[in-house]
Structure formats: structure tokens, C-alpha cells
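Chain by chain, the residues:
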Amino acid sequence: MRANLHAYDLRTARSLAEALDLLSREPGRWRPFAGGTDLMVLFDAGLLPHTHFLSVWELPELRGVRVDDDHISLGALTTYAEVLRHGTLTQEFPLLAEAAAATGGVATQNRGTLGGNIANASPAADTPPALLAYDAELELVSTRGPRRIPYHAFHRGYKQMDLAPDELLHRIILPRGRAGWFQAYRKVGTRRAQAIAKVCFAGSIRVDSGRVLDVRLAFGSVAPTVLRAAAAERALAGEPLVAATAAAVDALDRDIAPVDDHRSSARYRRQIARNLLADFLGRASNARNR
Ligand SMILES: Cc1cc2nc3c(=O)[nH]c(=O)nc-3n(C[C@H](O)[C@H](O)[C@H](O)COP(=O)(O)OP(=O)(O)OC[C@H]3O[C@@H](n4cnc5c(N)ncnc54)[C@H](O)[C@@H]3O)c2cc1C
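Residues numbered from 1 in each chain as written. Predicted model: local features only at pLDDT ≥ 70, side-chain atom pairs only at ≥ 80, totals over all residues. Heavy atoms only, no water.

Visitor: I'm lost on the nonpolar core in this one. Help?
Guide: In summary, soluble globular proteins display a tendency toward joint burial of nonpolar side chains. In this structure, Leu74, Leu96, Leu138, Tyr151 and Leu174 are the most contacted members of the largest nonpolar core, which totals 34 residues. In this structure, Tyr151 is in contact with Ile118, Pro128, Leu131, Leu132, Ala136, Glu137, Leu138 and Val226, ignoring residues within four places of it in sequence. (Core = buried A, V, L, I, M, F, W, Y, C linked by side-chain atoms within 4.5 Å. Buried < 20%, exposed > 50% of the residue type's maximum accessible area, 1.4 Å probe, protein only. Contact = heavy atoms within 4.5 Å.)

Set out below in C-alpha cells:
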């Protein structure tokens, strides 16, 4: 059923202060509207229960990629196309660039934002595993001021987030310094373009003399939220990579809780997640030996 346009209200904020003021005066009444690529799909299908939206699209404070010595900070409105055009991002954060390239088609990449991808909170979203693998932090802002949290603590359950009704996702902060880490991103979908992930993986590992010094393993579409595979990471940390691989793949079973849905089965997702991890660790080991 199509939505009734007249039942909806969309306001445009002209400044961050104006946006935060409205959100704090009527908490929960207004929801942010960024690129609209998730919201308009729901609207068009008559599945958008919320009716009052505040467009943040014109807020310069939520835009721009800032590079400093230790971090890169991306405004919540950074689009996939902007990620792909940014030399430092594509060079230092290839998992994020690959995730951006694997998201939708050109139109979606021009309009969809990283902030919207995060706050839409789909467990199947493509950039969150990359952000988890890079230890991203989120800066949230409200009239009470800014606060910063590690991204891995943001998703609390299916569509549940550490985001108050009067808060906006302001910036995404990526710590620099991943030179020398082996990194890989994989999205398994029905086809290679314009498909929502059946399983998504982003991994980053630092190995020295065959031993794992540091590792981040992140998955999408295998649980109610995107997640870091903590048990698999523990099985690898400080261990010889080759010897610990089988235990890490088995430990992954404890990290994930895939479900059957219209895109895939729980059984397939579990097996693919195991395969992706084994493949990643094998390639990391080969890269080290080259
Ligand atoms: C054809 C098509 C293909 C797609 N393919 C993919 C794909 O392959 N992979 C993928 O992951 N996604 C895909 N998507 C989904 C979508 O494009 C992304 O999730 C996109 O990043 C959403 O960003 P947006 O700015 O459009 O969000 P919006 O639709 O504007 O908002 C999404 C949600 O985030 C909230 N929000 C937005 N910005 C903020 C903020 N700054 N602070 C707090 N809350 C905020 C909104 O209130 C809303 O709940 C696709 C969508 C379409 C239409």
C-alpha cells in the first residue's frame, strides 16, 4: 500500500543549533532525515510509521572528511561516493572503500550516507563491519553537548542503539595507523551488485613471526546486530596464526546467531561465515610468507 504524503511532515534545519533545539524541545517527535535512501523505501512501501522528519542534509557541521595526524573524522553525512573519491581514505581504510563500492548502485552511493547506514541499524548493512574492524568511534551531539562512544558499543540489539531521541550522529572517527596490517572485506550476496548481504565480513590482522599480535574480525547479517567476533579474536590473540586457525573458526560459532529469512538460511550463513574467516586467515598467513 502506498503512503499518504499528507500524513507526513518534513522540516529542513538551517543550522545544527536549530536542529538540536527542535530535537530537544520535542524529543522523539522528530526523526533525522539524511539522504533518505532507507526512509524513502519504507515510505514508498507504506511502511514508515513515524511521520515527523527533520532534514539534516544542509548542515555543514555534519559534512566533510578531516584528516589529522592520528585520526580521520568523517561527518555523518559523508556519502559512499565521497568515501570513494577520498585518496587518504581509500588508501588507509580499504575495507571502508570496498564496503562503499559494494553498497547499492551509483545513485545510492551519491545520496546514501554513512550516518544513515549506521543509524538505520540494519544487521545486514555493509559499512558497519568495516567500521568495527577499524575501531571506529562515534561522536553524538545534542543540546547537552557532544559525547563520544566506541562504535562496537553502539548497537544494543535489533534496531536498538545508544542514541537518545534528541541526539544526532555527528561524526565518525577512524584511528589511523593500520599500515602493516593484513586487511580484507567480503560481501556475499545473491549477485555482485545491488544485493543486500547474506553475510558480510571485514577483517584486519597484524602478524609478526607467525604470531598474531592484534586482530579485528567483524561480521554482518549473522546476528541481530553487526558484531565483532570476540570469541574468534580471543582464540587468535597472541597465538601462532596457522595453529590457531581451526580453533578460531570453531570459536566463531559462539559469536554468531544467524537466522533463516527470505535472503538466506541460518545454516548457509553459519557455513559461509566460517568459510570467510578460514579464507581470511589463510590469506593473511600466505601474505606473511610471501
Ligand atoms: C536501491 C538501494 C540499494 C541499497 N543498497 C544497500 C547496500 O548494498 N548496502 C547497504 O548497507 N545499504 C543499502 N541501501 C540502504 C541505504 O542506502 C543505506 O543504509 C544508506 O547509507 C542510508 O543513508 P541515508 O542518508 O539515505 O539514510 P536515511 O534514509 O536518511 O536515514 C536512515 C536512518 O538513519 C537515521 N539517521 C540518518 N542520519 C542520522 C544522523 N546524522 N543522526 C541520527 N540518525 C540519523 C534516520 O532517522 C533513519 O532512521 C540501499 C538502499 C537503496 C534504496
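Visitor: Looking at this structure, how should I read the sheet that holds strand β4 (residues 65-67)?
Guide: Within a sheet, each strand pairs with its neighbour through backbone hydrogen bonds, oriented either parallel or antiparallel. Taken together, 5 strands build an open sheet; the order of strands is β4-β5-β10-β6-β7 and the sheet is antiparallel. With one partner strand each, in any of the chains shown, β4 and β7 (145-150) form the two edges of the open sheet. Geometrically, the sheet is characterised by an average inter-axis angle of 20° between neighbouring strands, direction not taken into account. Direction of pairing for strand β5 (residues 71-75) relative to strand β10 (residues 168-175): antiparallel, over a ladder of 5 bridges. The partner of Leu74 across the bridge, within β10, is Ile172. With respect to the sheet, helix α1 (residues 16-25) is in contact with β6 (137-142) and β10, its orientation differing from that of β10 by roughly 120°. (Pairing = 2+ DSSP bridges. Helix = DSSP H or I, 4+ residues; strand = E, 2+ residues; numbered from the N terminus. Axes fitted to C-alpha atoms, helices over the stretch in contact; angles between N-to-C directions.)

Visitor: It is not clear to me how the environment of Ala235 should be interpreted in this structure. Could you clarify?
Guide: Secondary-structure assignment places Ala235 in helix α9 (residues 230-236). Sequence separation between Ala235 and Ala251 is 16 residues, and the spatial gap between their C-alpha atoms is 7.0 Å. Sequence-distant contacts of Ala235, defined by excluding residues within four places in its chain, comprise Ala244, Ala247, Ala248 and Ala251.

Visitor: Is there a simple way to think about α1 in this case?
Guide: Since one α-helical turn is 3.6 residues long, residues separated by three or four positions face the same way. Among the residues of α1, those classed as buried are Leu16, Ala19, Leu20, Leu22 and Leu23. Taken end-on, α1 shows its buried residues confined to a sector of 160°, consistent with a single buried face. Along α1, the residues that are exposed and aim more than 90 degrees away from the buried face are Ala17 and Arg25. Where the residues of α1 are buried, they touch β1 (9-12), β3 (52-55), β6 and β10. (Arc of directions from axis to C-beta.)

Visitor: How should I be thinking about the side chain of Ser221 in this particular structure?
Guide: Here Ser221 is to be found in the loop between β13 (211-220) and β14 (227-228). A distance of 3.0 Å separates a polar atom in the side chain of Ser221 from the backbone oxygen of Ala197. Aside from chain neighbours lying at most four places away, what touches Ser221 is Pro123, Ala124, Ala197, Lys198, Val199 and Arg269. (Polar contact = N/O pair within 3.5 Å; in protein donor to acceptor, adjacent residues only side chain to side chain.)

Visitor: How should I be thinking about the sheet that holds strand β2 (residues 31-33) in this particular structure?
Guide: Spatially, 3 strands are ordered β1-β3-β2 in an open sheet, and the strand pairing comes out parallel. Only two strands of the sheet have a single partner each, and these edge strands are β1 and β2. Geometrically, the sheet is characterised by an average inter-axis angle of 35° between neighbouring strands, direction not taken into account. Bridge analysis of β1 against β3 gives 4 bridges, and the strand direction is parallel. Across the sheet, residue Arg11 finds its bridge partner in β3, namely Leu54.

Visitor: I would appreciate a short explanation of the environment of Lys159 in the present structure.
Guide: Following the sequence through the fold, Lys159 ends up in the loop between β8 (155-157) and β9 (160-161). Residues Lys159 and Pro123, spaced 36 residues apart in sequence, show a C-alpha to C-alpha distance of 8.2 Å. Residues in contact with Lys159, not counting those within four places in the same chain, are Asn120, Ala121 and Ser122. A polar side-chain atom of Lys159 sits 2.7 Å from the main-chain carbonyl oxygen of Asn120.

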